[in-house]
Amino acid sequence: PLPSGQALDTLPRSFFAELLFRSDGKYGAYGGVDDFAIAESGVALLSSPSGGEQPYRRLSLRFDVLTYNQNTVRRRALVSATA
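Overview of the structure.

1. Structural notes on unusual backbone geometry
Now for step 1: One non-glycine residue with positive phi stands out, namely Q70, at about 70°.
Now for step 2: Turning to its location among the elements, Q70 is positioned in the loop between strand 2 (53-66) and strand 3 (72-81).

Dropping the structure here:
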């Protein structure tokens, strides 16, 4: 859930980075993600077949993760979030 009183378009980029890279998440499981960059961030309105619109926050990321065998691997991701 979103923090109280916040909307997708007002959340800082750091909110998404903290959720994605925390130690109990997929990418932080073998150690914290220290090197990451959010290249793009924006809100897109997508139409449903019934005619309604739903806002989606989209982010383009680049980050380095530590794998189970202690190698660092560069990853890229496109994240789409909705409330």
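2. Observations concerning the pattern of salt bridges
Now for step 1: Scanning the model with the defined rule gives 4 salt bridges in all.
Now for step 2: Taking the shortest distance from any N to any O, the salt bridge between R62 and D35 comes out at 3.4 Å. Placement of the pair is R62 in strand 2 and D35 in the loop between helix 1 (13-21) and strand 1 (36-47), with a sequence separation of 27 residues.
Now for step 3: Each of the salt bridges in this network shares a partner with another, and the network as a whole consists of D35, R62, D64 and R74.

3. Digging into the side chain of D64
Now for step 1: Following the sequence through the fold, D64 ends up in strand 2.
Now for step 2: Polar contacts involving the side chain of D64 include one to the side chain of R74, which spans 2.8 Å.
Now for step 3: Filtering out sequence-adjacent residues up to four positions away, D64 remains in contact with V33, D35, T72, V73 and R74.

Scoring rules and cut-offs
- Residues numbered from 1 in each chain as written.
- Predicted model: local features only at pLDDT ≥ 70, side-chain atom pairs only at ≥ 80, totals over all residues.
- Heavy atoms only, no water.
- Helix = DSSP H or I, 4+ residues; strand = E, 2+ residues; numbered from the N terminus.
- Salt bridge = Lys/Arg side-chain N within 4 Å of Asp/Glu carboxyl O.
- Polar contact = N/O pair within 3.5 Å; in protein donor to acceptor, adjacent residues only side chain to side chain.
- Contact = heavy atoms within 4.5 Å.

On their own, these measurements won't tell you what the molecule is for.
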